[in-house]
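Topology and contacts: notes
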Amino acid sequence: GGAGTDTVNLQGTLSNTFNGDILNFETFNKEDAGVWTLGGNVPVVNDVNINGGTLHVNGTMSSGTGVTIAAAGTLGGGGTITGDITNNGMVSPGGSNLLTITGDYTQNAGSTLGISASGTTSSSLAVTGTTTVNAGSTVQVTVDGYIANGTTFKIIDAGAAAVTVPGTITSNSYAVSFTSDGTADLDLAAVRQANAYSTASTNPTVEAVGAVLDQIAASGPTGDMLTVLNLLDTLGSAEAVADAMET
């Protein structure tokens, strides 16, 4: 960029990665359905707009007037963003990434915070400013492996102000759901469905296998049994679980 108002528009429908710095621009727009991953330093004088597709920030980004995520946009990554973030779409750090927000975070009604969880680790946000999670928003948990009953995950580490709980918490797992506590930070607690695997099938043989797996899941699996439960906990329906136990 030079004199005047300079704008970056990231466009396209494919996946792209750029690890260099993007400097001297006043406005930054992510458009279209593609995925862009940025690994460098991206200081933006004014606004950052994620209007469509996915922007992964793995380096550093700053915005003088804030980052706005539209309904069709997704922000992810494990980097640091300086500036206020307004989520009208999706924030999803991915994997076990920690996305750091040096500023305020507002999760509006109709928007989603996407979290990946497995074992005792999850993706999460660290917010230094005020965190506002509106009741009409959603936390969407993707279970990537076995999770013990009662395991807690701090999905938003809020530096200032109270966090309220989202209106809806969804899980891709048939066996594992989540409750939330937004008293200070936003924490999730895993709740394993009682007898999840033994009730997944009406076949007596499969029911018996499921009953054994339920006992192992409750006591803490290791070795090959952990490998089995790492798969089963990611399945989203009784039918899928029963099919997996039959094979």
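The structure we're discussing is the one just above.
The structure reproduced in this document is the subject of the present report. Please read these numbers as outputs of a predicted model, since none were measured by experiment.

Considering all chains together, one arrives at three salt bridges under this definition. Ionic pairing is found between aspartate 187 and lysine 154, a salt bridge with its closest N-O pair at 3.2 Å. Here aspartate 187 is found in strand β23 (residues 186-192), whereas its partner lysine 154 is found in strand β20 (residues 152-160), with 33 residues between them in sequence. Taking relative accessible area as the criterion, aspartate 187 reaches 24% and is therefore assigned partly exposed. With its nearest N and O atoms 2.7 Å apart, the salt bridge here joins aspartate 233 to arginine 192. Of this pair, aspartate 233 sits in the loop between α2 (223-232) and α3 (238-246) while arginine 192 sits in strand β23, placing them 41 residues apart in sequence.

Relative to the helices and strands, glutamate 26 is located in the loop between β2 (15-18) and β3 (27-30). Summary of buried charges: glutamate 26 has no salt-bridge partner, and the nearest side chain of opposite charge, lysine 30, is 21 Å away. Polar side-chain contacts of glutamate 26 include one of 2.6 Å to the backbone nitrogen of aspartate 6.

Cut-offs used in this document
Residues numbered from 1 in each chain as written. Predicted model: local features only at pLDDT ≥ 70, side-chain atom pairs only at ≥ 80, totals over all residues. Heavy atoms only, no water. Salt bridge = Lys/Arg side-chain N within 4 Å of Asp/Glu carboxyl O. Helix = DSSP H or I, 4+ residues; strand = E, 2+ residues; numbered from the N terminus. Buried < 20%, exposed > 50% of the residue type's maximum accessible area, 1.4 Å probe, protein only. Lys, Arg positive; Asp, Glu negative; His and termini not counted. Polar contact = N/O pair within 3.5 Å; in protein donor to acceptor, adjacent residues only side chain to side chain.

These figures capture arrangement, not role.
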